[in-house]
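An overview of the molecular structure
Single-letter residue listing:
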Amino acid sequence: VYIYEKILREFRKSNYEESYDLASSLDHEDLDENILKILTISSFNLQKYSDSIKYGLMLFETYNVKNDLQLLNILGTSYSIINDYKNGNYFFDKYLSIEKKNHSVIYNYGINHFRQKNYTKSKKQFEKIISEKQGYKEAELVYGIINSELKDYKKAKKIFKDLIKRNKNLTEAFYNLGI
């Protein structure tokens, strides 16, 4: 009982290294839902993405947490970071079927499709962001690049020029305009 209290106390203090070390030393049969969640979040914050996937999947498959947005985001992001875009998209898709307006998740989902060279799907994600959140220059920049990849140079050029007009120091827009 003491070790569980210590794990929880360290986790609540955002001492992820300590909570991770303590929780990962437990026997496999002692990994209940709360400990798995702590291991998933702690390993993610420590940038141990393979471990966040391992513990996150154990949590996802063993307990009724299929709608846990934080877990879905961690799994989607962790898979994406290790360049497993297909699995990343699986969890981002699940996330977005529950919460459709999280621009960060939509952005990452769009980036995954971009990295898979699925520019049409990527474009749809960035159109959602841009229509709902004005001035999100990073999303607009990627949207311009996507249009360029889709050979819609006129639209891409307009996007980059509009970005430059509003952000005089955005060198990425100048660079992409010149391509």
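Some thoughts on the overall build of the chain
The secondary structure content of the chain amounts to 11 helices and zero strands. For the chain, the α and β elements follow one another from N to C terminus as α-α-α-α-α-α-α-α-α-α-α. In summary, the chain has a C-alpha radius of gyration of 20 Å against a globular reference of 16 Å for 179 residues, an excess of more than 25%. Each of the three principal axes of the chain carries a C-alpha extent, and together these read 65 × 30 × 25 Å. Split into buried and exposed, the 179 residues of the chain put 42% on the buried side. The contacts of the chain with a sequence gap of at least 6 include a subset with a gap of at least 24, amounting to 42%.

As for the environment of Lys137
Here Lys137 lies in helix 9 (residues 137-149). The partly exposed category is assigned to Lys137, whose relative accessible area is 32%. Residues Lys137 and Leu170, 33 residues apart in the sequence, show an inter-C-alpha distance of 9.0 Å. The residues contacting Lys137, other than those within four sequence positions of it, are Leu163, Asn167 and Leu170.

Some details on the environment of Ile38
If you trace the backbone, Ile38 turns up in helix 3 (residues 33-45). Between the C-alpha atoms of Ile38 and Gly135, which are 97 residues apart in sequence, the distance is 36 Å. For Ile38, the contacting residues outside a window of four places in its chain are Ile7, Leu8, Phe11 and Ser19.

With respect to the side chain of Glu10
Along the polypeptide, Glu10 turns up in helix 1 (residues 2-12). In this view, Glu10 contacts Asn15, Glu18, Ser19 and Leu22; residues no more than four positions away in its chain are not counted.

Points about the side chain of His103
The topology assignment puts His103 in helix 7 (residues 103-115). Given a relative accessible area of 18%, His103 falls into the buried group. Residue contacts for His103: discarding those within four places in its chain leaves Ile129, Glu132, Lys133 and Tyr136.

Some words on the packing of helix 9 against helix 10 (residues 153-166)
Packed helices, taken two at a time, are described by the angle between their axes plus the distance between the axes. Their axes nearest at 7 Å, the elements helix 9 and helix 10 cross at an angle of 155°. Classified by the angle between their axes, helix 9 and helix 10 sit roughly antiparallel to one another. Of the two possible hands of crossing, helix 9 and helix 10 adopt the one that is left-handed. In contact with Lys137, Glu140, Leu141, Tyr143, Gly144, Ile145, Asn147 and Ser148 of helix 9, helix 10 contributes Tyr153, Lys155, Ala156, Ile159, Phe160, Leu163 and Arg166. Classifying every residue of the contact of helix 9 with helix 10 gives eight nonpolar, three polar and four charged.

Quick look at the pattern of salt bridges
Side chains that carry opposite charge are capable of pairing whenever their charged atoms lie near each other. Evaluation of the coordinates by the stated rule reveals five salt bridges. Notably, a salt bridge pairs Glu10 with Lys13, separated by 3.5 Å at the nearest N-O pair. Its relative accessible area of 7% is what places Glu10 among the buried residues. Between Lys158 and Asp162 there is a salt bridge, with its nearest N and O atoms 2.8 Å apart. Of the two residues, Lys158 and Asp162 are both situated in helix 10; the distance of four residues between them amounts to about one turn of the helix. Here Lys158 falls in the exposed class, since its relative accessible area comes to 51%. For Asp162, a relative accessible area of 26% puts it in the partly exposed group.

Here we look at helix 7
An ideal rise of 1.5 Å per residue puts 18 Å on 13 residues; helix 7 measures up with 18 Å between its terminal C-alpha atoms. Of the residues making up helix 7, those classed as buried are His103, Val105, Ile106, Tyr107, Tyr109, Gly110, Ile111, Asn112 and His113. In this structure, the buried residues of helix 7 make contact with helix 5 (69-81), helix 6 (85-98), helix 8 (119-132) and helix 9. Its side-chain oxygen placed 3.0 Å from the backbone nitrogen of Ser104, Asn102 serves as the N-cap of helix 7. Phi turns positive one or two residues past the end of helix 7, at Lys117, with a value near 65°.

Thresholds, definitions, all that
- Residues numbered from 1 in each chain as written.
- Predicted model: local features only at pLDDT ≥ 70, side-chain atom pairs only at ≥ 80, totals over all residues.
- Heavy atoms only, no water.
- Helix = DSSP H or I, 4+ residues; strand = E, 2+ residues; numbered from the N terminus.
- Rg over C-alpha atoms; globule rule 2.2 N^0.38 Å.
- Buried < 20%, exposed > 50% of the residue type's maximum accessible area, 1.4 Å probe, protein only.
- Contact = heavy atoms within 4.5 Å.
- Axes fitted to C-alpha atoms, helices over the stretch in contact; angles between N-to-C directions.
- Parallel < 35°, antiparallel > 145°, perpendicular 65-115°, else oblique.
- Left-handed = near helix turned anticlockwise from the far one by under 90°.
- Nonpolar A, V, L, I, M, F, W, Y, C, P; charged D, E, K, R; others polar.
- Salt bridge = Lys/Arg side-chain N within 4 Å of Asp/Glu carboxyl O.
- Expected span 1.5 Å × (residues − 1).
- Polar contact = N/O pair within 3.5 Å; in protein donor to acceptor, adjacent residues only side chain to side chain.

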